[in-house]
Amino acid sequence: MAGRLLLVCRLLLRDVRRRRTETVLLVIAISAATGTLTLGLALNDALAGPYERTRAVTAGPDVVATPTATGQQALAALAPLATAPGVTAHSGPYPMAYLMLTARGKTVQAVVQGRDDSPAALDRPAVTAGTWVRPGGVVVEPTFANALGVRTGDTVEINGHPLRVVGTAVTAARAVYPSADWRVDSGSPLVQLAGLVWVDSSEISLLADGRPLSYTLNLRLADPHASTSFRHRSTAGIEYTSWVQIAETDGRLVRQAHKALLIGSWLLTILAVAGVAGIVAGRAVEQRRRVGLLKAVGSGPAMVAAVHLAEYLVIGLAAAGTGLAVGWFAAPALTNPGAGLLGSTGVQPPPLRTVVTVTALALAIAAAATLGPVVRAATTDTVHALNDAATPPRRRRWRVRLSRRMPAALLIGVRVNARRPRRARLVMLNTLITTTALAALLMGLAQDRTVKLGESELANPRDTRTLQAMLLVIVVVCVLALVNAVVTTWSAILDNRHPLAVARALGATPAQVTVGMAVAQTLPAVPGVALGIPAGIVLYVLASNPGIRYAPNAWWFAVALAVLLTIAALTAIPAMLAARRPVADTLRSTPT
């Protein structure tokens with residue numbers, strides 16, 4: 001047993017040293033899927049963590065009460081709540097006004113809350129830049145500030161009154177932009193989109209031009225379950241918003257991005273399986289003679305399978321570690337709650353469930369892609385393993401008659417695919433996944449990523465995050481698809497160099513051979529493109545909210561043409577290089 005284990009380890013190390021490029025490509029292919037899955041899992045943790053941290057740091061309330069009345073009526077309605085049974089702490093009531101804010105030429109709706117520097121039992125906004133409110137200054141919620149494009153030191157106008165931005169701050173008592181809740185007039189519900197700002201309480205009446213002010217009261221309840229039994233309700237002219245509702249609203253900033261990353265991780269998993277299978281298929285051709293030699297010296301099917309499978313499982317473990325590290329350390333770029341909340345994920349070690357999930361995915365990819373070739377190698381006859389095991393074309397009379405009418409280049413391409421049908425299927429799968437991801441991205445680019453706040457439109461942070469996640473997935477998909485295409489192309493050229501040399505000896509020109517190889521890769525890509533575009537559209541529709549826009553037809557035509565031309569170009573370049581080799585040298589070389 002020890003001797004067999006030693007043999008497996010020696011062959012594993014020998015293969016890794018001799019095929020370093022292929023090993024690196026295998027690690028890249030599997031790491032792309034595991035890294036994206038790690039990002040998705042990290043973003044899942046970000047949905048709840050940052051709000052909870054913000055609520056703890058800022059002493060967030062359990063319930064926020066806002067009466068529909070204004071002025072003295074609002075204060076009278078809120079007065080009994082501070083001493084109501086079950087209320088253990090409160091802060092406020094704080095004056096509020098629903099005004100228009102102008103910055104950089106855009107006028108938008110803003111919830112203006114009056115505060116001072118006195119300590120509060122609840123809702124103590126945490127300053128993230130600059131200072132807290134003072135006369136003549138305004139503090140802006142950071143997500144709102146980013147959308148407006150303002151920074152500390154800039155000047156904005158609130159209801160025509162200029163104020164200097166003295167800082168930015170976060171709070172857990174009100175949802176971040178664009179869901180800060182704005183009402184048109186007294187008595188109307190809090191349903192309008194807006195951003196949140198704070199001003200000195202001594203100036204809010206001046207900013208409101210004498211109009212009656214609204215008020216808000218923050219409450220802490222003795223029973224922690226009382227605030228989780230509802231989200232938003234209106235009773236006796238007072239609207240109550242629980243912290244659960246605010247947390248869910250803030251979580252929408254990354255929820256769609258989280259969904260995009262998880263879907264992207266599964267697309268990358270399929271693409272990684274196709275890529276690994278393509279590399280394994282190419283290596284299986286080179287390792288046939290070793291399979292025959294192992295069997296000739298007495299190794300059974302289990303030993304042959306162990307020799308081959310062990311290598312790919314070790315590579316899978318290495319790729320799991322690489323993808324986990326890259327994904328987790330890259331997580332803060334997307335999992336940072338942005339500006340509207342405190343904290344981010346990715347700085348602490350990943351939890352055990354993430355490590356187990358990512359490792360299981362890497363091993364599953366390695367096993368799924370290599371199991372077929374390993375089983376075939378283990379069950380192959382010894383004599384047959386020492387020869388080229390390419391699938392012979394099934395000859396039919398109608399096919400022979402049809403091939404007589406084909407141009408030489410097309411005939412070469414069809415025969416190449418008939419000789420290796422599994423490789424053609426991998427090309428189709430690679431193209432299908434790539435086109436699906438590109439089609440989903442085009443659908444995302446076609447959407448309106450702005451939100452209307454009164455007279456102007458600003459960028460919607462939720463859509464911006466989702467598009468960032470989609471772009472990240474697309475970049476990884478394209479890189480992995482490019483690697484797969486290059487590997488498949490080189491494997492096809494190396495595997496067919498003798499048949500192509502025979503075709504050239506019978507009269508085919510180097511140009512016909514080059515075009516024939518391009519045709520061999522492009523033919524299976526056509527159904528992949530044809531199926532990928534509708535698949536991407538359906539995938540985006542199912543994962544998105546209602547009311548989506550569809551991309552123009554010209555975009556679909558352009559992406560289909562670009563994918564097919566890219567595949568043809570990737571094939572034509574190495575095919576031209578191979579066609580320069582003299583026919584006699586190729587025929588004299590030892591076939592693999």
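All of these numbers come straight from a predicted model, not from anything done at the bench.

Quick question: what am I supposed to make of helix 18 (residues 510–543) here?
Helical geometry: 3.6 residues make up each α-helical turn, so side chains three or four residues apart lie on a common side. Between its terminal C-alpha atoms helix 18 stretches 48 Å, which fits the 50 Å expected from 34 residues at 1.5 Å a residue. Most pronounced at Ala525, the bend in helix 18 amounts to some 30°, and the proline Pro527 follows within four residues.

What's the story with the packing of aromatic side chains in this structure? I'm lost.
Two descriptors summarise a pair of aromatic rings, namely the distance from one centre to the other and the angle between the planes of the rings. Per the stated rule, a full pass over the model turns up two aromatic pairs. Plain terms: the ring middles of Trp132 and Trp198 are 5.7 Å apart, the flat faces sit at 55° to each other, and that makes the pair tilted. Of this pair, Trp132 sits in the loop between strand 4 (126–130) and strand 5 (137–140) while Trp198 sits in strand 8 (residues 195–200), placing them 66 residues apart in sequence. A residue is classified by how much of its surface remains accessible, and Trp132, at 18% relative accessible area, is buried. Look at Trp198 and you get buried, because its relative accessible area is 1%. Across from the ring centre of Tyr94, 3.9 Å away, lies the NZ or CZ of Arg115, which sits over that ring. Cation over ring: Arg233 sits above Tyr240, and NZ or CZ is 6.0 Å from the ring centre.

Honestly, the side chain of Ser242 in this entry has me stumped. Any pointers?
Looking at where Ser242 falls in the secondary structure, it is placed in strand 11 (residues 238–242). Residue classification places Ser242 among the buried residues on the basis of a relative accessible area of 0%. Residue contacts for Ser242: discarding those within four places in its chain leaves Asp62, Val63, Ser227, Phe230 and Arg231.

Can you help me understand the pattern of salt bridges in this one?
Close approach of charged atoms allows side chains with opposite charge to pair. By the definition in use, this model includes four salt bridges. A salt bridge links Asp123 to Arg115, with the shortest nitrogen-to-oxygen separation between them at 3.2 Å. Classification of Arg115 as buried rests on a relative accessible area of 5%. Within the structure, one salt-bridge network assembled from shared partners comprises Arg55, Asp62 and Arg220.

Honestly, the packing of helix 15 (residues 421–445) against helix 18 in this entry has me stumped. Any pointers?
Any two packed helices are characterised by the angle at which their axes cross and by the distance between the axes. As a packed pair, helix 15 and helix 18 sit with axes 6 Å apart at the nearest point and diverge in direction by 35°. Helix-helix and strand crossings are classified by hand; for helix 15 and helix 18 the assignment is right-handed. Looking at the contact of helix 15 with helix 18, its residues break down into 17 nonpolar, eight polar and no charged.

What should I look at first to understand the environment of Val150 in this one?
Examined against the element boundaries, Val150 turns out to sit in the loop between helix 5 (142–148) and strand 6 (155–158). With relative accessibility at 7%, the residue Val150 sits in the buried group. Spatially, the C-alpha atoms of Val150 and Val140 are 9.0 Å apart, while their sequence positions differ by 10 residues. For Val150, the contacting residues outside a window of four places in its chain are Ala103, Arg104, Ala145 and Val156.

Mind showing me how you'd approach the environment of Val254 here?
Within the element layout of this structure, Val254 appears in helix 7 (residues 243–286). In this structure the C-alpha to C-alpha distance between Val254 and Arg465, which are 211 residues apart in sequence, comes to 6.5 Å.

Got a minute to help me understand a nonpolar patch on the surface in this structure?
A surface patch of nonpolar side chains, about 630 Å² in accessible area, is lined by Leu482, Val486, Trp490, Leu494, Ile573, Met576 and Leu577. Broken down by element, the residue count for the nonpolar patch peaks at four residues, all from helix 16 (residues 461–495). Note on placement: Val486 falls in helix 16.

Looking at this structure, I do not really get the packing of helix 15 against helix 19 (residues 553–579). What am I missing?
Where helix 15 meets helix 19, the closest approach of the two axes is 11 Å, and the angle between their N-to-C directions is 150°. Classed by the angle they form, the pair helix 15 and helix 19 counts as roughly antiparallel. For the pair helix 15 and helix 19, the crossing hand works out as right-handed. From helix 15, Thr431, Thr435, Leu438, Ala439, Leu442, Met443 and Leu445 reach across to helix 19, where they touch Trp555, Trp556, Val559, Val563 and Ile567. Of the residues assigned to the contact of helix 15 with helix 19, the class counts are 10 nonpolar, two polar and no charged.

What counts as what
- Residue numbers restart at each chain and count upward from 1, following the sequence in its written direction.
- With pLDDT at 70 or above as the cut-off, local features in this predicted model cover only qualifying residues; side-chain atom pairs require 80 or more to be listed or tallied, and sums for whole chains, interfaces and linings still use all residues.
- Values shown for side chains rest on all heavy atoms present in the structure; no hydrogens or waters enter the calculation.
- Segments assigned H or I by DSSP are reported as helices when at least four residues long, segments assigned E as strands when at least two residues long, and all are numbered from the N terminus.
- Under the convention used throughout, the expected extent of a helix is 1.5 Å for every residue step, that is, one less than its residue count.
- The angle between axes fitted to the seven-residue stretch ending at a residue and the seven-residue stretch beginning at it gives the bend at that residue.
- Note on aromatic pairs: the rings of Phe, Tyr and Trp (six-membered ring only in Trp) are paired at centre separations within 6.5 Å, and the planes decide the class, stacked below 30 degrees, edge-to-face beyond 60, tilted for the rest.
- Per-residue accessibility, obtained with a 1.4 Å probe over protein chains only, is compared with the maximum for each type, and a residue is labelled buried under 20%, exposed over 50%, and partly exposed between these values.
- Cation placement over rings: the criterion is NZ of Lys or CZ of Arg within 6 Å of the ring centroid and within 35° of the ring normal.
- When checking whether two residues touch, look at their non-hydrogen atoms; a contact exists if any pair is within 4.5 Å.
- Salt bridge criterion: a side-chain nitrogen from Lys or Arg within 4 Å of a carboxyl oxygen from Asp or Glu.
- In this analysis, axes come from line fits to C-alpha atoms, helices being fitted only over the stretch in contact, and the angle between any two N-to-C directions falls in the range 0 to 180 degrees.
- Crossings are assigned a handedness: left-handed for a near helix turned anticlockwise from the far helix by less than a right angle, right-handed for a clockwise turn.
- For this classification, Asp, Glu, Lys and Arg are treated as charged, while Ala, Val, Leu, Ile, Met, Phe, Trp, Tyr, Cys and Pro are nonpolar and the rest, including Gly, are polar.
- Within this analysis, patches are made of residues with over 30% relative accessible area and no salt bridge. Like charges are joined at 9 Å or less; nonpolar side chains (Val, Leu, Ile, Met, Phe, Trp, Tyr) at 5 Å or less.
- Each accessible area is a Shrake-Rupley result for a 1.4 Å probe, and residues are judged covered by the shown protein chains and nothing else.
- For classification purposes, angles smaller than 35 degrees are called roughly parallel, those larger than 145 roughly antiparallel, those between 65 and 115 roughly perpendicular, and all remaining angles oblique.

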